Amino acid sequence: SAIVSVCRPQIFKKILYIGGMCGIDQMIFYHGDRIERGYLNSPVYSNQKIFEAVLLGMEQGRKIVFPKIKFIPKLKDCLVATPNAIYFDQQSENSIYEFATSHRDQRNESSVDSVHVKEKISFVLGAEAGFSDKEYELLKSLGVQSLKLFDATLRLEYAFQAAISQIDLFKNKL
């Protein structure tokens, strides 16, 4: 599952497309502390436009199961409903590989080259301006693990795709 802050309409469309293309089973959007509330008034946030954007991605990726799309106002409420969540922070010293090896399927424990994570992983991305200090504190207080995604700062839609790609190295399904 992906938990992503509400964002600018054009970025939102790209995230829906990428999520549909990559076969994410659930996308949850929350009202980040650093967003403009007017974004939700855009026609892109209508059920019809959401359906169209996801379907276009699914056609590209040849996926057949439509993801669940939810809007939950508070990040805390999103995190309570999604176990094994991680978030990405440039300052983190942990990589997705280290996370995956610590959560791997015990059947593959003898092989370092064969890391397969058996449980479901959810990832959290903040607003385009990043997480607020309050959101960072919430993530830490709930024990959500931080991982380094990339050395450079990525645009939200690229971070979304990079997160999916890195997690997909260790899982067949988000």
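Residues numbered from 1 in each chain as written. Predicted model: local features only at pLDDT ≥ 70, side-chain atom pairs only at ≥ 80, totals over all residues. Heavy atoms only, no water.

Draft legend 1. The arrangement of the side chain of Ser5 in detail. Take Ser5: it is sitting in strand β1 (residues 2–5). With sequence-adjacent residues up to four places away left out, Ser5 is seen in contact with Phe29, Tyr30, Gly32, Ile35, Leu125, Gly126 and Ala127. (Helix = DSSP H or I, 4+ residues; strand = E, 2+ residues; numbered from the N terminus. Contact = heavy atoms within 4.5 Å.)

Draft legend 2. Fine view of unusual backbone geometry. Backbone geometry places Arg62, a non-glycine residue, at a positive phi of 55°. Mapped onto the fold, Arg62 is located in the loop between α2 (47–61) and β3 (68–71). With relative accessibility at 76%, the residue Arg62 sits in the exposed group. (Buried < 20%, exposed > 50% of the residue type's maximum accessible area, 1.4 Å probe, protein only.)

Draft legend 3. Examining the environment of Ser5 more closely. Residue Ser5 is classed as buried on the basis of its relative accessible area, which comes to 0%. C-alpha of Ser5 to C-alpha of Val124: the two residues are 119 residues apart in sequence and 8.3 Å apart in space. Polar side-chain contacts of Ser5 include one of 3.4 Å to the backbone nitrogen of Gly32. (Polar contact = N/O pair within 3.5 Å; in protein donor to acceptor, adjacent residues only side chain to side chain.)

Draft legend 4. Structural context of the side chain of Gln26. If you trace the backbone, Gln26 turns up in strand β2 (residues 26–30). A polar contact of 3.2 Å, which involves the side chain of Gln26, links it to the side chain of Ser1. Non-local contacts of Gln26, meaning those with residues more than four positions away in its chain, are made with Ser1, Ala2, Pro67, Lys68, Lys70 and Thr82.

Draft legend 5. Region of interest: the pairing of strand β5 (residues 122–125). Side-chain alternation along β5 places Ser122 and Val124 on one buried face and Phe123 and Leu125 on a second face that is also buried. Sheet topology places β1 next to β5; three bridges connect them, and they run parallel. Counterpart to Ile3 in the pairing with β5 is Val124. Pairing analysis gives three bridges linking strand β4 (residues 85–88) to β5, with the strands arranged parallel. Note on β5: the bridge partner recorded for Tyr87 is Val124. (Pairing = 2+ DSSP bridges.)

Draft legend 6. Seen up close, the sheet that holds strand β6 (residues 145–147). Taken in spatial order, the six strands line up as β3-β2-β1-β5-β4-β6 in an open sheet, and their pairing is parallel. Lying at the two open borders of the sheet, with one neighbouring strand each, are β3 and β6. The sheet shows a mean angle of 25° between the axes of neighbouring strands, direction not considered. Direction of pairing for β2 relative to β3: parallel, over a ladder of four bridges. Looking at β3, one finds that Ile28 is bridged to Lys70. Contacts between helix α1 (residues 9–22) and the sheet are confined to β1, β2 and β3, with β2 contributing the most and set at about 160° to the helix. (Axes fitted to C-alpha atoms, helices over the stretch in contact; angles between N-to-C directions.)

Draft legend 7. Layout of the packing of aromatic side chains. According to the stated counting rule, one finds eleven aromatic pairs in the structure shown. A ring pair is formed by Phe51 and Phe66, whose centres lie 5.4 Å apart and whose planes are at 25°; its orientation type is stacked. You can see Phe51 sitting in helix α2 and its partner Phe66 sitting in the loop between α2 and β3, a full 15 residues away along the chain. The partly exposed category is assigned to Phe66, whose relative accessible area is 34%. Members of the aromatic cluster, connected to one another through ring pairs, are Phe12, Phe29, Tyr45 and Phe71. (Phe/Tyr/Trp six-rings, centres within 6.5 Å; stacked < 30°, edge-to-face > 60°.)

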